[in-house]
Amino acid sequence: MLTKVILTVIGSDRPGLTEALAAAVLDAGGNWLESRLSRLGGKYVGSVLVELPADGLSALRAAAGRIDAVGLKVEIVAADGVAPLGTAMAFSLVGQDRPGIVREVSAVLARLAVNIEDLETGTEDEAWSGNRLFRAEARLLLPPGVEAGTVQDALEAISSEIMVDFKLAVPG
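Here's a quick rundown of the structure.

Cut-offs used in this document
- Residues numbered from 1 in each chain as written.
- Predicted model: local features only at pLDDT ≥ 70, side-chain atom pairs only at ≥ 80, totals over all residues.
- Heavy atoms only, no water.
- Core = buried A, V, L, I, M, F, W, Y, C linked by side-chain atoms within 4.5 Å.
- Buried < 20%, exposed > 50% of the residue type's maximum accessible area, 1.4 Å probe, protein only.
- Helix = DSSP H or I, 4+ residues; strand = E, 2+ residues; numbered from the N terminus.
- Contact = heavy atoms within 4.5 Å.
- Patch = residues over 30% accessible without salt bridge, like charges linked within 9 Å, V, L, I, M, F, W, Y side chains within 5 Å.
- Areas by Shrake-Rupley, 256 points an atom, 1.4 Å probe, with all protein chains shown as cover.
- Salt bridge = Lys/Arg side-chain N within 4 Å of Asp/Glu carboxyl O.
- Pairing = 2+ DSSP bridges.
- Axes fitted to C-alpha atoms, helices over the stretch in contact; angles between N-to-C directions.

1. A look at the nonpolar core
Consideration 1: With 21 residues, the main nonpolar core has Phe-91, Leu-93, Val-105, Leu-140, Val-151 and Leu-155 as its most contacted residues.
Consideration 2: If you list the elements that add at least two residues to this core, you get strand E5 (87-96), helix H3 (101-111), strand E7 (132-142), helix H4 (148-162) and strand E8 (164-169).
Consideration 3: In this view, Leu-93 contacts Ile-101, Val-105, Phe-134, Arg-135, Ala-136, Val-164, Asp-165 and Phe-166; residues no more than four positions away in its chain are not counted.
Consideration 4: In terms of nonpolar packing, the next biggest core, distinct from the first, is built from 19 residues, Val-5, Leu-21, Ala-24 and Ala-28 among them.

2. Brief notes about a nonpolar patch on the surface
Consideration 1: On the surface, Val-102, Ile-116 and Leu-119 cluster together into a nonpolar patch covering about 220 Å² of accessible area.
Consideration 2: Relative to the assigned elements, Ile-116 resides in strand E6 (residues 115-125).

3. Observations concerning the sheet that holds E7
Consideration 1: Sheet architecture is open: four strands sit in the order E6-E7-E5-E8, paired in antiparallel fashion. Whereas interior strands pair on both sides, the edge strands pair on one side only; in this sheet they are E6 and E8. The mean inter-strand angle of the sheet, taken between neighbouring strand axes irrespective of direction, is 15°.
Consideration 2: Here ten bridges tie E6 to E7, and the two strands are oriented antiparallel to one another.

Following this line, the structure appears as structure tokens:
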């Protein structure tokens, strides 16, 4: 019987961390399915979805403990295999950076029961003015009964307040 777990990792970034993590998964008889790994604030951070035999979980915990000893903190949690229903939408946003943008946008989405399945954000200096811009790209899942137009209207209602431009589109 196979089980799926999620590894969350954080540590000081340096060469070899992904290899150590991949070796731990393989040593436990696991298969690396999906991951999101990056350097964030000088740290190596991420998550990995792993499938392994149910009896391999203790081996994975032991291997993760050995990685912990070299400065990479690894947490293991059971994955929930339930696929939610809904309509997938792509979302992008750009605007002058200021505190509260993510809070405002996520509050609108939460009120509509829209799930943020993937979110990537960043800042960059604007070429002409040097002002800092905030950018966000997300994959959303609209629940049954919520139309894209409803989400668009709700986001437009706050876009001038938080001074951003956004786009919603069917991924493709």
